[in-house]
Amino acid sequence: MSPYTQSESLPSSTSERSADLVVIGGGLGGVAAALTAARLGRRVILTEADSWLGGQLTVQGVPPDEARWVESHPPSASYAEFRENVREHYRQHFPLTEEAKTDPQLNPGAGFVSRLCHEPRIGATVLEQMISPLLSSGRLQWLREHEPVAVDRVGNRVTAVTVRDLRTDVQVRLSAPLIVDATELGDLLELGDVEHVIGAEAHSEFGELHAPEQADPLDQQAVTWCCALEWAPGHDELVPKPELYDRFATVVPDFWPGPQLSFDDVHPITLENRTRPVFDGDPADMERLGGAADMWHFRRIRSRGHLLPETPGGEITLVNWPQVDYWDRPLLGVSEQDRDLAEYESRQLTLSFVHWLQTAAPRTEGGVGYPELRLRGDVLGTTDGLAREVYIREARRIKPIFTVTEGHIGREMRGEFEGSELFEDTVGTGHYRIDLHPSTAGRNYIDIDCFPFQIPLGALIARDVANLVPANKNIGTTHITNGAYRLHPVEWSIGEAVGALAEICHRHDVDPVDVRSRAELLSELQNLLRADLGVQLEWPEQIRRRLPESDIAGPGSRQRVAR
C-alpha cells in the first residue's frame, strides 16, 4: 500500500489518528497549509496550543504587517479572501458610517502600520469561519488546545507526532506521510532532533553584509508581550505598580537613550535618538489628533471616525512599541526555567509601561499621567489586558537544502535597482524591510532595505528529514533574512505552498525533495499554485527591482514604531 493511501481516521476516543497531512501549529502558516490541502481534497489534522487560530495575528496581538502592494498585487487569492472577510465582518456587524461601509479598502482601525488594522478577536473569528465548511465535512480535524510533546523518527522520516490536550492531559499520536511544523518556535525541530539553527550566523558562513563576525546562538530578537489600550475618559482603572517597575524605570541599556519607561527611543533605520509621545496633541480632541507623529495611530484597531456618532466605546490601539520590546533574556537555547522567567519579565515590562503611561508619562498638553487609558483584554481574548501569548519574531530554523541570505534580497548587497534573486523553484512572494529588533546580545536595530522577493521551495526542505516541512518562522532563512520573511502574508504564503506541496506529494507518492528535483513535478506544483490557487509566484519587474516609478508610498513603508 502506498504511504499516501491512509485508512480512515480512528475514532476520536482512541489514542491514535492518521491523515494525509498533519499540521502542528495554528498560526497563519499552519492555517494556510491546512486550508489549502483540505480544499484540494486531502484529509488534514490541524493542532494548536491555543483555543484561537492565527498566531502572531491574533494570539500574539499584532495586526498584519504587509507589503505596500498588498491591495494591487495580493500574494494569493486565499490571502485576499481572508482580508476581504475581515472587512465584510465589519460591514455586517459594526455600526459603520456610510462612507466607511462603502469603502472597498476599509481599514477598520485606520492605523497606518497596515491597510487592515483590526481587532485580533475578529481575525480569529474569520479564520475559524474560513475552515468551518472543512470541519463540517470531516476533511479537516482541528485539535485546539493541544501542544506537541514528542516526535517519533526512524532514520530520515518522522513517523508520528504526539500531542497533549492541555485541558485533559490526554495524549494523541498523530501520523501522516507529511508532517508540518507550523509552531511559533519550531518545536518539532527540537523534539525530532532535526538539524536547525538558532540566533545569528557568522559573517563568514554566508558573507552577509550585516551578519556579526562571530556566530551567536543567543543573539535573538526581542520579544514583545502586546496589549490593547482604550482611550476611555471617565474611567480610572489603573494597573497596580508591577513588581519589576522600578527596574524598568531606571535601567538604561548601553544601546538605548534612556529607560524604556519613557517616550525616548531610537529610529530603527538611522539609530538616531528620538522622542515620540503616545498622543500628538490633546487626546480629548481625537478628531484633530495627528497620526505620523504619535504612537496611538500606529496600530489603532478601533477608530471612532469609522463609527456612527452614537456608538458607545472609545478608540483602541494595540501596544507593540519599542518601550515593550523585551531583550534581556532569549527564549531559545536556554532552560525551561529561564524561558519562563523571560516570559514573566516580558509581561512585567508591558504592565510597567502601562502603569507608567497611566501615572507618570508627560502629557502633551501638560501634566503627567493618562489615567483615561485602560487595558482592553477582551479584544485579545484575555482578562488581564495582555495578549494571549508573547509576540515572537524568530524561531528555530531548519538547515535547508537552500538558504535565503541577504545576498539574495538585500538592496545594499545587490545594487540599487538590481532586484531580488529569481528562484526557479519559487512557490510564493513577499516583501518587507529586513527588520530585526534589538536583541538579547545587546545589538540595536538592523533595519535595512530589501527588494520584493520570492519564496524558494528549497528553503522549505530540511537536509536531514524527508517528510517534515516548516510553515512559520522556521524556514531556511538566516538570522538576517528572517527579518523580512517573518511577517504575516509571507507566513501565509509559506503555509499555502506547503499545503499545495502535500497535494503533489500525495498524487505521485513522493517526498518534497523529489518535487523540487524533478522538473515535471516542480512545474506541476507551480501550475497548481498559480492557476488553481491564484498564488503570485513572481513580482512584476517594475516592483521586483523597485524602480522609482513603482516605489509607491504606503502604510508601514517608512514611518514605523515597531514591527
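In this text the structure is predicted, and so the values were computed from the model without any measurement.

Description of the overall build of the protein chain
Move 1: Across its full length, the protein chain holds 15 helices and 23 strands.
Move 2: Compactness check: the protein chain gives a C-alpha radius of gyration of 23 Å against a globular reference of 24 Å for 563 residues, within 12% of the reference.
Move 3: Viewed in the frame of its principal axes, the protein chain has a C-alpha envelope of about 75 × 50 × 50 Å.
Move 4: Within the span of the protein chain, comprising 563 residues, buried residues form 63% of the whole.
Move 5: Of the roughly 19900 Å² of accessible surface on the protein chain, a fraction of 48% belongs to carbon and sulfur atoms.
Move 6: Of the side-chain charges in the protein chain, 55 are positive and 86 negative, and the distance between the mean point of each set is 2 Å.

A word on the environment of Leu 127
Move 1: Here Leu 127 is to be found in helix H4 (residues 120-137).
Move 2: Once the C-alpha coordinates of Leu 127 and Arg 115 are considered, the two residues, twelve residues apart in sequence, prove to be 18 Å apart.
Move 3: In contact with Leu 127, other than residues within four places in its own chain, are Leu 28, Val 31, Leu 53, Gly 54, Leu 57, Phe 82 and Trp 492.

Quick look at the confidence of the model for the protein chain
Move 1: The predicted model of the protein chain averages 93 in pLDDT, with 93% of residues at 70 or higher.
Move 2: Of the regions scoring below 50 in pLDDT, residues 1-14 engages in 23 contacts with residues more than four places distant in sequence or in other chains.

Some thoughts on the pairing of strand E5 (residues 146-154)
Move 1: Taken together, the eight bridges between E5 and strand E6 (residues 157-165) define a ladder with antiparallel strand orientation. Its bridge partner being in E6, Pro 148 is matched across the sheet by Val 163.
Move 2: Two successive antiparallel strands, E5 and E6, enclose a turn made up of two residues, where Gly 155 displays a positive phi of approximately 60°.

Some words on unusual backbone geometry
Move 1: A positive phi angle, close to 55°, is found at Ala 110, a residue other than glycine.
Move 2: Summarising the element assignment, Ala 110 is placed in the loop between helix H3 (98-101) and H4.
Move 3: For Ala 110, a relative accessible area of 27% corresponds to the partly exposed category.
Move 4: Although it is not a glycine, Asp 169 sits at a positive phi angle of roughly 70°.
Move 5: Assignment of secondary structure puts Asp 169 in the loop between E6 and strand E7 (171-175).

Comments concerning the packing of aromatic side chains
Move 1: As enumerated under the stated definition, the model contains 19 aromatic pairs in all.
Move 2: With centroids separated by 5.4 Å and ring planes inclined at 75°, the aromatic side chains of Phe 402 and Phe 423 adopt a geometry described as edge-to-face. Within this pair, whereas Phe 402 is found in the loop between strand E18 (397-398) and helix H9 (406-409), its partner Phe 423 is found in the loop between helix H10 (411-414) and strand E19 (426-430), the two being separated by 21 residues in sequence.
Move 3: You can call Phe 402 partly exposed: its relative accessible area is 21%.
Move 4: Overall, Phe 423 belongs to the buried group, its relative accessible area being 9%.
Move 5: Through successive ring pairs, a cluster of aromatic residues spans Trp 231, Phe 279, Trp 296 and Tyr 370.

Some thoughts on the pattern of salt bridges
Move 1: Counted under the stated rule, the structure contains 54 salt bridges.
Move 2: The salt bridge involving Glu 16 is made with Arg 173; its shortest N-O contact spans 3.8 Å. You can see Glu 16 sitting in strand E1 (residues 16-18) and its partner Arg 173 sitting in strand E7, a full 157 residues away along the chain.
Move 3: In this structure Glu 16 comes out as partly exposed when scored by relative accessible area, which is 36%.
Move 4: Since its relative accessible area comes to 29%, Arg 173 is described here as partly exposed.
Move 5: Residue Glu 81 is joined to Arg 39 by a salt bridge in which the shortest nitrogen-to-oxygen separation is 3.0 Å. Here Arg 39 lies in helix H1 (residues 28-39) and Glu 81 lies in helix H2 (residues 77-93), a separation of 42 residues in the sequence.
Move 6: When salt bridges with common partners are traced through the structure, they connect Asp 20, Arg 42, Arg 43, Glu 503, Arg 507 and Glu 524 into a single cluster.

Description of the sheet that holds strand E17 (residues 373-375)
Move 1: The four strands are arranged E14-E15-E11-E17 in an open sheet whose pairing can be described as antiparallel. On the outer flanks of this sheet lie strand E14 (300-302) and E17, each paired with one strand and no other. Looking at each pair of strands side by side, their axes are set apart by 35° on average, direction ignored.
Move 2: Both strand E11 (residues 227-231) and E17 contribute to a ladder of three bridges, which runs antiparallel. Across the sheet, Leu 229 pairs through a bridge with Leu 375, a residue of E17.
Move 3: Sheet strands touched by helix H8 (residues 336-359): E11, strand E15 (316-319) and E17. Its angle to E17, the strand with the most contacts, is close to 155°.

Some remarks on the layout of surface pockets
Move 1: Taken as a whole, the largest pocket spans an internal volume of roughly 930 Å³.
Move 2: Every residue lining the largest pocket is counted, 34 residues in all, and those nearest its centre are Ala 49, Glu 147, Leu 185, Asp 187 and Arg 339.
Move 3: Listed by contribution, the elements that provide at least two residues to the lining of the largest pocket are strand E3 (44-48), E5, helix H5 (187-191) and H8.
Move 4: Here the lining of the largest pocket is built from residues that sort into 13 nonpolar, nine polar and twelve charged.

Reading guide: rules and limits
Here the residue numbers are simple positions, counted from 1 along each chain's written sequence. Given that this is a predicted model, residues contribute local features only at a pLDDT of at least 70 and side-chain atom pairs are listed and counted only at 80 or more, while totals for whole chains, interfaces and linings are drawn from all residues. Here the side-chain values reflect all heavy atoms present in the structure, with hydrogen atoms and water set aside. Numbering of helices and strands runs from the N terminus, with a helix taken as a DSSP run of H or I at least four residues long and a strand as a DSSP run of E at least two residues long. Taken over C-alpha atoms, the radius of gyration is set against a globule rule of 2.2 Å times the number of residues to the power 0.38. Exposure categories follow from relative accessible area, calculated using a 1.4 Å probe and restricted to protein chains: below 20% of the type maximum is buried, above 50% is exposed, and the middle band is partly exposed. Note on areas: Shrake-Rupley with a 1.4 Å probe; residue coverage comes only from the protein chains shown. Residues scored as charged are limited to Lys and Arg (positive) and Asp and Glu (negative), so that His and the chain ends carry no count. Every charge is mapped to an atom, namely NZ of Lys, CZ of Arg, CG of Asp or CD of Glu. Note on contacts: a residue pair qualifies if any of its non-hydrogen atoms lie within 4.5 Å across the two residues. A score between 0 and 100, pLDDT records how confident the predictor is in each residue. Two strands form a pair only when DSSP identifies at least two bridges running between them. Think of it this way: a Phe, Tyr or Trp ring, Trp meaning its six-membered ring, pairs with another when their centres are within 6.5 Å, and the plane angle makes it stacked under 30 degrees, edge-to-face over 60, tilted otherwise. Salt bridges are identified by distance alone: a Lys or Arg side-chain nitrogen within 4 Å of an Asp or Glu carboxyl oxygen. A fitted line through C-alpha atoms serves as each axis, taken over the contacting stretch for helices, and the angle formed by two N-to-C directions is quoted from 0 to 180°. The definitions used throughout rest on a 1 Å grid laid over the protein atoms alone, on which a cavity is an enclosed set of points accommodating a 1.4 Å probe that cannot get out and a pocket is an open set flanked by protein within 12 Å on both sides along at least five of seven lines; lining residues are those having an atom within 4 Å of a point. Grid points are joined across faces, edges and corners, and a volume is the space filled by probe spheres set on the points. Residue polarity follows a fixed list, in which Ala, Val, Leu, Ile, Met, Phe, Trp, Tyr, Cys and Pro are nonpolar, Asp, Glu, Lys and Arg are charged, and the others, Gly among them, are polar.

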